[in-house]
Protein chains: 2
Amino acid sequence: MDKFQFHAPTRIVFGKATQEQVGTLCKEYGAHKVLVHFGGHSAEKSGLLELVCHKLQEAGLTYVLLGGVVPNPRLSKVLEGVKLCQEQGVDFILAVGGGSVIDSAKGIAYGVANPGHLWDYYSGEKKITAALPLGAVLTIAAAGSEMSNCSVLTNEDGWLKRGLSTPFGYCCFAIMNPELTYTLPPYQTASGCVDIMVHTLERYFTAPTTQELDIVDRIAEDLLKNVMRNALILKNNPQNYAARAEIMWCGTLSHNDTTGDRNYGDWSCHQLEHELSGKWDIAHGAGLAAVWGSWARYVYRENVSRFTQLAVNVLNVPNNFRNQEAVALEGIAALEGFFKQIDMPTSISQLNINLTEEDIQELAYKCSFIGKRTIGQFKKLDQTDMAAIYRAAK
Amino acid sequence: MDKFQFHAPTRIVFGKATQEQVGTLCKEYGAHKVLVHFGGHSAEKSGLLELVCHKLQEAGLTYVLLGGVVPNPRLSKVLEGVKLCQEQGVDFILAVGGGSVIDSAKGIAYGVANPGHLWDYYSGEKKITAALPLGAVLTIAAAGSEMSNCSVLTNEDGWLKRGLSTPFGYCCFAIMNPELTYTLPPYQTASGCVDIMVHTLERYFTAPTTQELDIVDRIAEDLLKNVMRNALILKNNPQNYAARAEIMWCGTLSHNDTTGDRNYGDWSCHQLEHELSGKWDIAHGAGLAAVWGSWARYVYRENVSRFTQLAVNVLNVPNNFRNQEAVALEGIAALEGFFKQIDMPTSISQLNINLTEEDIQELAYKCSFIGKRTIGQFKKLDQTDMAAIYRAAK
């Protein structure tokens, strides 16, 4: 690649019992009063929340709690957090959860530090210039938000789901204990594995003219193979520490730009999926699995060799030098086969969504920003292309 | 691995013409008056230094120059830089060069911001608590200092070479244009490639009880293979952009902890080599190549399977499940064979050093801190072991 940037300043503290360092880490990064932000009851039930609060106290910090973040986190909860932080004089936000909680925390950190309506920043009208400092105790391996500068929020007004990446969107630290992911249900674990894989696949499929570094390709391919192997282990043994650790660290690497600069990535599947989970509130990774194959078959002719490489290097398809296209297609089918193996959907109907032609038109209309944008780098897709992929993925 | 930390906050700006961003980057990180620190005449001759100064001026910054950093950078030059910074009110240090220049710049950044004698910090008697902010324009791919928090200085009083890693030792940014490494002589290029490989090999050989992540092993193995392949390309074609780019990015990844947390690494070869280059002023990478094989044969029985893995996964030695030891030894010989292929020494005599038994005793005495420390994690080595390895590497 001729030009890329790499910036991943978050300090990672990885391993068993690392959550016990949460108080000293918050303090080290300047916290006095912490907003502890979390999701449902699992953080309470497991005792993690109590431990976190205890460790904050031990470090001489005060805190306020705000739970109730849902998957595909919502603007209203973020605004509630902003108000609470302003009222209480919070100077540090600690996310205890997965990508949804971290993304919600990033939204709050932006909302406190930037004037006006927060959604104007997510819709691209205004530019973020600051954020409250953030930390994370990760409990779900999937989104990679713990080390990326990305966040995604859903505005209930119109059910619009929008992503925002800024230089201020990095956590100061992330505590990653694979044991904290033991109790994640199989469907969520599998969905997280797909999300991790697609973060790297989006980066793997750049514009055909972008020159990639071999070492970045090799790391991407290793990561994909490693996630596939360990996702199968977790299907039968969800409390396998080594497999949880592999998936957790791969989740971070897949989205901190080690497998490619996000600015050159394709991101079509993410954009197409955001409309699905914005409207039907499905698990993000499952949505990605449902559209990936249809996207791949729609675009692969742009650069067959790239899909052949994926097939051979990742999916163990034997190369056939006389028929590269057949190899590419076998690779796409093999990846869909893997999704099926871990009980992920490969069509939208398998998400219990009965997509009508009207739905398809609405999704493409919204995904194209009412016809104003194309998506994708590997192949640029307009509103008609988007509708065709939704139709094929039906 | 049960516990590791990962922290690599440096912002990387990689690719052609990126040196033109140097002024805006220094400004972004708060510079007003910059110390431009460099080595010999190559930065002047190539016009890079002039461009850098021009870009600083263009950004409205003032600067002072300090050149003359030599390989195995010396304390006296660092102290000269500290004095200059204090006299001139410098608030940002820009290293234009390779690892020696960056390490010297780190020394200056520490010297300005910490009280007392700088060497007390390098000898481990005092603890660094601050540093001036630093940036780098990299012109040699080898040391990885652009993204690591390490620096190594040589004290001419006793020719002691000591490393220092601190949380304040990270550059704010590093500009990496592979073209800037085109003019590096073949011997220095090859020596850099060995240094890169050994940064990762030191991390590959952890204490036998340390649990590694598979993904980290795979990245390490790919990095080693990629450096070997591209080092051979550069031997015949030093201005191959793609190969220079692969080596340059691998140099960073090999030492920013992507291939393993340095705290679990072995580092024996580095410690053994530091005594050699401290005393005889040889190229660091060449010194590493000269001792690696002797170290490996001295320690491999601690954990044969690790060396077997290196042999099979990196050096294409066919596995022999009935005789793992033979595979391990064949791998060690194969890596030495590669060093020879790129004209690197595999013994100390090939560095034109005629090691006497007296020298051996002196090196082991110094390397063991007059018998007070052991080195190594894969196998702990005392003064007697060190002498035995020097003797075998003779």
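Structural data are supplied above this passage.
For clarity, every value in this text was computed on a predicted model and none was experimentally measured. Along each chain, numbering runs from 1 in the same order as the chain's sequence is written. Naming scheme: in the order in which they are written, chains are lettered from A and ligands are numbered from 1. With pLDDT at 70 or above as the cut-off, local features in this predicted model cover only qualifying residues; side-chain atom pairs require 80 or more to be listed or tallied, and sums for whole chains, interfaces and linings still use all residues. Computation of side-chain values: all heavy atoms of the structure, hydrogens and water removed.

Caption draft 1: View of the interface of chain A and chain B. Counting residues at the interface gives 38 residues for chain A and 38 residues for chain B. Between chain A and chain B the total buried area reaches about 3,300 Å² when both faces are included, carbon and sulfur atoms providing 57% of it. Put simply, arginine 229 of chain B and aspartate 214 of chain A hold a salt bridge, and the shortest N to O gap is 3.1 Å. N or O atoms closer than or at 3.5 Å make up a polar contact, with two conditions inside protein: a donor-capable atom paired with an acceptor-capable one, and, for residues adjacent in sequence, both atoms drawn from side chains. Here chain A and chain B share 14 residue pairs in polar contact (both at pLDDT 80 or more) between them. Note on conventions: DSSP H or I runs of at least 4 residues are helices, E runs of at least 2 residues are strands, and numbering of each starts at the N terminus. Secondary-structure elements contributing two or more residues to the side of chain A that touches chain B are strand S1 (3-15), helix H8 (214-236) and helix H9 (241-253) of chain A. Contacts were defined at the residue level, with two residues in contact if any of their heavy atoms lie within 4.5 Å. Here's the idea: put two parts together, see how much 1.4 Å probe accessible area each one loses, and the total over both is what we call buried area. For this document, the term salt bridge refers to a Lys or Arg side-chain nitrogen within 4 Å of an Asp or Glu carboxyl oxygen.

Caption draft 2: Broad picture of the pattern of salt bridges. Residues and elements named next belong to chain A. Within this structure, the stated rule accounts for 39 salt bridges over all chains. Where glutamate 302 meets lysine 379, a salt bridge forms, and the shortest distance between an N and an O atom there is 3.5 Å. Taken together, the residues span a long stretch of sequence, with glutamate 302 in the loop between helix H11 (284-299) and helix H12 (304-313) and lysine 379 in the loop between helix H14 (357-367) and helix H15 (383-393) at a distance of 77 residues. Exposure remark for glutamate 302: the relative accessible area of 39% places this residue in the partly exposed category. Think of it in three bands: residues with accessible area under 20% of the maximum for their type are buried, residues over 50% are exposed, and the middle band is partly exposed, with areas taken using a 1.4 Å probe on protein chains only.

Caption draft 3: Geometry of the side chain of aspartate 222 of chain A. Within the secondary structure, aspartate 222 of chain A sits in helix H8. Charge assignment: positive for Lys and Arg, negative for Asp and Glu; neither His nor the chain ends contribute. No salt bridge is formed by the buried aspartate 222 of chain A, whose closest oppositely charged neighbour, lysine 225 of chain A, lies at an N-O distance of 4.1 Å. Each residue touching aspartate 222 of chain A, except ones within four places of it in the same chain, is listed here: Ile215, Arg218, Ile219 and Asp222 of chain B.

Caption draft 4: Spatial organisation of the sheet that holds strand S3 (residues 62-66) of chain A. Overall, mixed pairing links the 12 strands, which are arranged S3(A)-S2(A)-S4(A)-S5(A)-S8(A)-S1(A)-S1(B)-S8(B)-S5(B)-S4(B)-S2(B)-S3(B) in an open sheet. What marks the edges here is a single partner per strand, and that holds for S3 of chain A together with strand S3 (62-66) of chain B. Strand-to-strand, the axes of this sheet are offset by a mean angle of 25 degrees, without reference to chain direction. Under this scheme, a helix contributes an axis fitted over its contacting stretch, all axes are lines through C-alpha atoms, and angles between N-to-C directions fall in the 0 to 180 degree range. Helix-sheet contacts for helix H4 (residues 75-88) of chain A involve strand S2 (33-38), S3 and strand S4 (92-97) of chain A, and the interaxial angle to S3 of chain A is about 155 degrees. Sitting on the sheet, helix H5 (residues 99-113) of chain B touches strand S2 (33-38), S3, strand S4 (92-97) and strand S5 (134-138) of chain B, and the angle it makes with S4 of chain B is about 165 degrees. Should DSSP find at least two bridges between two strands, the strands are regarded as paired.

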